[in-house]
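Structural features, examined
Single-letter residue listing:
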Amino acid sequence: MSDYVINNTQLVCVAQFVAKAGKRDALVAALVSLIADTRKEPGCIRYELNVSADDENKVAFVEKFVDRAAFDKHCAKEAIQHYFHNVMPELVESHHVEVFHQVIA
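Let me sum up the structure you'll find in this document. All figures in this text were calculated on a predicted structure; none of them were measured in a lab. (Residues numbered from 1 in each chain as written. Predicted model: local features only at pLDDT ≥ 70, side-chain atom pairs only at ≥ 80, totals over all residues. Heavy atoms only, no water.)

**Structural notes on the packing of helix α1 (residues 24–39) against helix α3 (residues 78–91)**
For the pair α1 and α3, interaxial distance at closest approach is 11 Å and the crossing angle is 175°. Of the possible angle classes, the one that applies to α1 and α3 is roughly antiparallel. Judged by residue contacts, A26, L27, A30, L31, L34 and T38 of α1 engage A79, I80, Y83, V87 and L91 from α3. Within the contact of α1 with α3, the residues separate by chemical class into 10 nonpolar, one polar and no charged. (Axes fitted to C-alpha atoms, helices over the stretch in contact; angles between N-to-C directions. Helix = DSSP H or I, 4+ residues; strand = E, 2+ residues; numbered from the N terminus. Parallel < 35°, antiparallel > 145°, perpendicular 65-115°, else oblique. Contact = heavy atoms within 4.5 Å. Nonpolar A, V, L, I, M, F, W, Y, C, P; charged D, E, K, R; others polar.)

Structure representation (structure tokens):
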């Protein structure tokens with residue numbers, strides 16, 4: 001018997017972005033503009049923006065949704081698509097998005 005269980009239903013997303021030189025504040029502002037509406041989405045449990053303590057140009061969302069369907073619906077929203085296709089190319093040098101299942105111990 002293990003001392004943990006993996007929650008295969010809920011989805012945790014870590015989305016990291018590195019701002020282009022001189023664009024960190026604009027990037028943070030663009031990402032902040034997504035928070036209020038996302039937190040109101042059905043299925044959104046957590047939507048938190050963070051700035052790296054080690055690199056001021058690196059920011060990351062930690063997101064949690066009740067399931068893959070809620071996450072996929074979030075990703076398909078017009079505001080998210082607009083960010084990735086129109087805003088991000090101007091502000092972001094690089095990015096990495098990865099999804100996880102929470103380990104409950």
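**Details of the packing of helix α2 (residues 68–76) against α3**
Contact geometry for α2 and α3: axes closest at 5 Å, N-to-C directions at 60°. Considered as vectors, α2 and α3 are oriented oblique to each other. Touching H74, C75 and A76 of α2 are E78, I80 and Q81, all from α3. By residue class, the composition of the contact of α2 with α3 is three nonpolar, two polar and one charged.

**Here's the deal with the sheet that holds strand β2 (residues 11–19)**
With antiparallel pairing, the four strands of this open sheet are ordered in space as β3-β4-β2-β5. Two strands lie at the open edges of the sheet, namely β3 (44–51) and β5 (92–100), each paired on one side alone. When strand polarity is set aside, the average angle formed by the axes of neighbouring strands in this sheet is 10°. Pairing analysis gives seven bridges linking β3 to strand β4 (residues 58–65), with the strands arranged antiparallel. Within the sheet, the bridge partner assigned to C44 lies in β4 and is F65. Sheet contacts for α1: β2, β3, β4 and β5; angle to β3, the most-contacted strand, approximately 165°. Across the sheet, α3 lies against β2, β3 and β5, angled at about 145° from β5, the strand it touches most. (Pairing = 2+ DSSP bridges.)

**Some points on the pairing of β4**
Most of β4 sits out of view: seven of its eight residues are buried. Here β3 folds back onto β4, and the loop between the two strands holds six residues. (Buried < 20%, exposed > 50% of the residue type's maximum accessible area, 1.4 Å probe, protein only.)

**Digging into α2**
Inspection of α2 places A70, F71 and H74 among the buried residues, and these make up the whole buried set. Within α2, the buried residues cover an arc of 100° as seen down the axis, which keeps them to one side. The exposed set on the far side of α2, more than 90 degrees from its buried face, consists of A69, K73 and A76. Against the buried residues of α2 lie β2, α1, β3, β4, α3 and β5. Structurally, the start of α2 carries an N-cap: the backbone nitrogen of A69 is 3.3 Å from a side-chain oxygen of D67. (Arc of directions from axis to C-beta. Polar contact = N/O pair within 3.5 Å; in protein donor to acceptor, adjacent residues only side chain to side chain.)

Any functional reading would require information beyond the geometric quantities listed.
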